[in-house]
Amino acid sequence: MPIPYDQWFDVEGLPQTAAKFRVAGHILGSAYVELNAQGERVVFSGDLGATYSPLLPAPKSPYKADTLVIESTYGDKLHEGRKARRRLLRDTIKRCLQDRGTVLIPAFSIGRTQELLYEIEEIIHRQKGDWEHLAVIVDSPLAAKFTGHYRDLKSLWDKESKRKLRAGRHPLSFDQLVTIDSHGDHLKMVKQLAQSGHPAIVIAASGMCTGGRIQNYLQALLPDPRTDVLFVGYQAQGTPGRDIQKYGPRGGYVYLDNERIDIKAGVHTISGYSAHADQGNLVNFVKRIYRKPSEIRIVHGDDEAKAALAEKFKQLVPEARILIPDA
C-alpha cells in the first residue's frame, strides 16, 4: 500500500515507533525517512538530491533530528551551478555539430537520463538552425520505460517543469528525440554513427560504463576524435568510466570487454548532473534542521569524502558527536 509524503505511520513490529517519508529529490518518488522511536527522532537521509536539479523538487530538512545518518557521496566536492553546467553541455553539443561527431553520455536509466533530456530540450528550444536536425538518442529500453513513467507522474514535478507544460512544451517528448528499443536496432545505430558522421547525442546505460549498450558505442567511437564523451555522474574507482575520465585527457586507453581501446575522443565531466547532493547541499541540509542532532553518522561515500564532510559538520555543529562507522 503506498504511503504519501509527510504522513506519520506506525512501523509494524516496533512498538511506540512511527515513521514519515519526506521528499529526497534524488529520483522521482525518492524519500528520506524520519523515525520517532519512543520520543527519539532519528533521520536516515538515504540518497539526497542536488538542489536546483531539473524536474525534481529539492529536499527540505526536518524540523528536528536527535540522530542523523547521512550520505557523503560528494562530501568533498561542489557541483557546478546549473547555469554553468547547462553552458558546458551546450558548448559540448555545439562542438559535436561543428565536428559532425557524436556526444556519448553514459547515464543511469532512472533520474539522470530524464534530467538530461529536460536540459537538452531547453538548449534546443533556445537555439536555431542546425540544432533542429540534431538527433537525441536514448538507447536503453529501461530508460525509455522510466521516461514514460516520469511523463505519467507530472504531479510530482517541480514548479518550473509544470510551467513549461502549461506553455505547451514537452521536456521529455520533443521532436528530435529518438528511442532505440531492440538490440538489433541498437547495433545498427552504433554502425550508422560510426560511419555516417551525422551529429547526434546518445544517452545510454550504464552510468559508469561497466556494461550495457554504452560499451558498444565506446568501443566503436572512442578512437574517433570527432567523438565527445560527457560524464554527468560519479565514476567509482575501478570502473571503465573512471579510467576513461582519468586517462582519456592524456590520450590514454581503456579496456572494454577485454579489448584495449585507444581514447582519441574528447572527455568532459559535469558533476552537477549527479543524482547526489554536493558538500554544500549536505551541509545546508544539516544547517536547516531547526533542532540540531546530537549525533551525526556519515555513511555511503569514499573515505576522503566522509572525512571532509565530517570536518564541515564539526564546524557547523561543534557540540554534536560526528561518527564515521566502519564499512
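Residues numbered from 1 in each chain as written. Predicted model: local features only at pLDDT ≥ 70, side-chain atom pairs only at ≥ 80, totals over all residues. Heavy atoms only, no water.

Draft legend 1. Spotlight on empty space enclosed by the protein. Evaluation of the coordinates by the stated rule reveals one cavity of 30 Å³ or more. Looking at the largest cavity, its volume works out to about 50 Å³. Per-class residue counts for the lining of the largest cavity are two nonpolar, five polar and three charged. (1 Å grid on protein atoms, 1.4 Å probe; cavity = no way out; pocket = protein on both sides within 12 Å on 5 of 7 lines; lining within 4 Å. Points joined across faces, edges and corners; volume = space filled by probe spheres on them. Nonpolar A, V, L, I, M, F, W, Y, C, P; charged D, E, K, R; others polar.)

Draft legend 2. Up close: the nonpolar core. Among the nonpolar cores identified, the biggest contains 32 residues, and I120 and I201 are the most heavily contacted of them. Mapped onto this core, the elements with two or more residues apiece are α1 (82-99), β6 (102-106), α2 (112-126), β7 (135-139), α3 (141-152) and β9 (200-204). Counting residues per element, this core draws most heavily on α2, at six residues. With 25 residues, the next largest nonpolar core counts A135, I137, C209 and L256 among its residues. (Core = buried A, V, L, I, M, F, W, Y, C linked by side-chain atoms within 4.5 Å. Buried < 20%, exposed > 50% of the residue type's maximum accessible area, 1.4 Å probe, protein only. Helix = DSSP H or I, 4+ residues; strand = E, 2+ residues; numbered from the N terminus.)

Draft legend 3. Expanded view of the sheet that holds β9. Taken in spatial order, the six strands of this open sheet run β8-β7-β9-β6-β10-β13, and their pairing is parallel. In this open sheet, the two strands that pair with only one neighbour each are β8 (177-180) and β13 (266-269). In this sheet, adjacent strand axes meet at a mean angle of 20° when their direction is disregarded. The pairing of β6 with strand β10 (residues 228-231) spans two bridges and is parallel. Residue pairing in the sheet places V103 in a bridge with D228 of β10. (Pairing = 2+ DSSP bridges. Axes fitted to C-alpha atoms, helices over the stretch in contact; angles between N-to-C directions.)

Draft legend 4. How the structure looks around the pairing of β9. Counting buried positions along β9 yields five of five residues, so the element is predominantly enclosed. Covered by surrounding structure in β9 are A200, V202 and A204 together with I201 and I203, the residues of both alternating faces. Pairing of β6 with β9 involves five bridges; the strand directions are parallel. Bridging from a neighbouring strand, P106 pairs with A204 of β9. One ladder, built from four bridges, connects β7 with β9; its direction is parallel. Counted as the bridge partner of V138 is I203 from β9.

Draft legend 5. View of the side chain of D158. Counting through the fold element by element, D158 comes out in the loop between α3 and α4 (159-166). Lacking a salt bridge, the buried D158 has R82 as its closest oppositely charged neighbour, with an N-O distance of 5.4 Å. Among the polar contacts made by the side chain of D158, one reaches the side chain of S161 at a distance of 2.6 Å. (Lys, Arg positive; Asp, Glu negative; His and termini not counted. Salt bridge = Lys/Arg side-chain N within 4 Å of Asp/Glu carboxyl O. Polar contact = N/O pair within 3.5 Å; in protein donor to acceptor, adjacent residues only side chain to side chain.)

Draft legend 6. Examining the environment of C96 more closely. Positionally, C96 belongs in helix α1. Among all residues touching C96, those that are not within four sequence positions of it are G101, V103, L134, P199 and A200. (Contact = heavy atoms within 4.5 Å.)

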